[in-house]
Amino acid sequence: MNTNRLSRAIEKALNEQMTNEAFAAQVYLAYASWASDQGFDGIANFLFRHSQEERDHMMKILEYILQRGGKVVISQIAAPGNDPKGVNDCFEKVYKSEIENTEAIYKVVNMSMEEKDWATWNFMQWFVKEQIEEETLALELLAKIRIV
């Protein structure tokens, strides 16, 4: 008996989003390591914590796929890219990364709405709200950096 309650398209999109969250965790981890190396211990601590938060998001999606009877696919994660050139560049990259993640989340939300998969649509609302907070925080930090 097939117990998968996810369409193939939604299952694929959720697996891609899980990989996006893993990539975001790697980006934060790389930037945290960079900040630590530069002596920015407070910034490093903030970024290390955010790396773990992104990993938690990845696990939340993984658990949802399993709960709905889907197949989890673990994919390769791209390298995070070059180190930031400075603190401002670091948080500009963080903000850009959060915007890209928001757009990817909206893709899953739109798909779930089109397919009338209300369970996935409801599940993804947590991520929509989380991204509002993430983008706002990144913008607030950029504003404070510019003041300094």
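Please refer to the structure higher up on the page.
Remember, it's a predicted structure, so these values are computed and weren't measured experimentally.

The next point concerns the nonpolar core. Core analysis: the biggest nonpolar cluster contains 20 residues, and Leu-14, Ile-61 and Met-124 have the highest contact counts within it. Among the elements of the structure, α1 (8–37), α2 (41–67), α3 (87–114) and α4 (118–147) are those that each provide at least two residues to this core. If we skip the residues at most four places from it in the chain, Ile-61 touches Leu-14, Gln-17, Met-18, Glu-21, Phe-123 and Phe-127. Core analysis: the next-biggest nonpolar cluster, separate from the first, contains 15 residues, Tyr-28, Ala-44, Val-87 and Ala-138 among them.

If you trace the backbone, His-50 turns up in helix α2. For His-50, the residues in contact, after removing those within four places along its chain, are Tyr-28, Glu-134 and Leu-137.

A positive phi angle, near 55 degrees, is found at Lys-116, a position not held by glycine. By the element assignment, Lys-116 lies in the loop between α3 and α4. Here Lys-116 falls in the exposed class, since its relative accessible area comes to 59%.

Further remarks concern the packing of α1 against α4. Interaxial distance between α1 and α4 falls to 13 Å at its minimum, and their mutual angle equals 25 degrees. Taken together, the axes of α1 and α4 are roughly parallel relative to one another. As α1 runs across α4, the sense of the crossing is left-handed. Packed against α1, whose contacting residues are Ile-10, Leu-14, Glu-21 and Tyr-28, the element α4 presents Thr-120, Met-124, Phe-127 and Glu-134 at the interface. Partitioning the contact of α1 with α4 into residue classes produces five nonpolar, one polar and two charged.

Before going further, it helps to examine the environment of Lys-129. Note that Lys-129 resides in helix α4. Separated by 110 residues in the primary sequence, Lys-129 and Thr-19 place their C-alpha atoms 19 Å from one another. A distance of 3.0 Å separates polar atoms of two side chains, one belonging to Lys-129 and the other to Glu-133.

Turning next to empty space enclosed by the protein. By the definition in use, this model includes one cavity of 30 Å³ or more. Approximately 40 Å³ is the volume found for the largest cavity. Around the largest cavity sit Tyr-28, Phe-46, His-50, Phe-91, Val-94, Glu-134, Leu-137, Ala-138 and Leu-141, which together line it. Looking at which element gives the most residues to the lining of the largest cavity, the answer is α4, with four residues. For the lining of the largest cavity, the class distribution of residues is seven nonpolar, one polar and one charged.

Criteria and thresholds
- Residues numbered from 1 in each chain as written.
- Predicted model: local features only at pLDDT ≥ 70, side-chain atom pairs only at ≥ 80, totals over all residues.
- Heavy atoms only, no water.
- Core = buried A, V, L, I, M, F, W, Y, C linked by side-chain atoms within 4.5 Å.
- Buried < 20%, exposed > 50% of the residue type's maximum accessible area, 1.4 Å probe, protein only.
- Helix = DSSP H or I, 4+ residues; strand = E, 2+ residues; numbered from the N terminus.
- Contact = heavy atoms within 4.5 Å.
- Axes fitted to C-alpha atoms, helices over the stretch in contact; angles between N-to-C directions.
- Parallel < 35°, antiparallel > 145°, perpendicular 65-115°, else oblique.
- Left-handed = near helix turned anticlockwise from the far one by under 90°.
- Nonpolar A, V, L, I, M, F, W, Y, C, P; charged D, E, K, R; others polar.
- Polar contact = N/O pair within 3.5 Å; in protein donor to acceptor, adjacent residues only side chain to side chain.
- 1 Å grid on protein atoms, 1.4 Å probe; cavity = no way out; pocket = protein on both sides within 12 Å on 5 of 7 lines; lining within 4 Å.
- Points joined across faces, edges and corners; volume = space filled by probe spheres on them.

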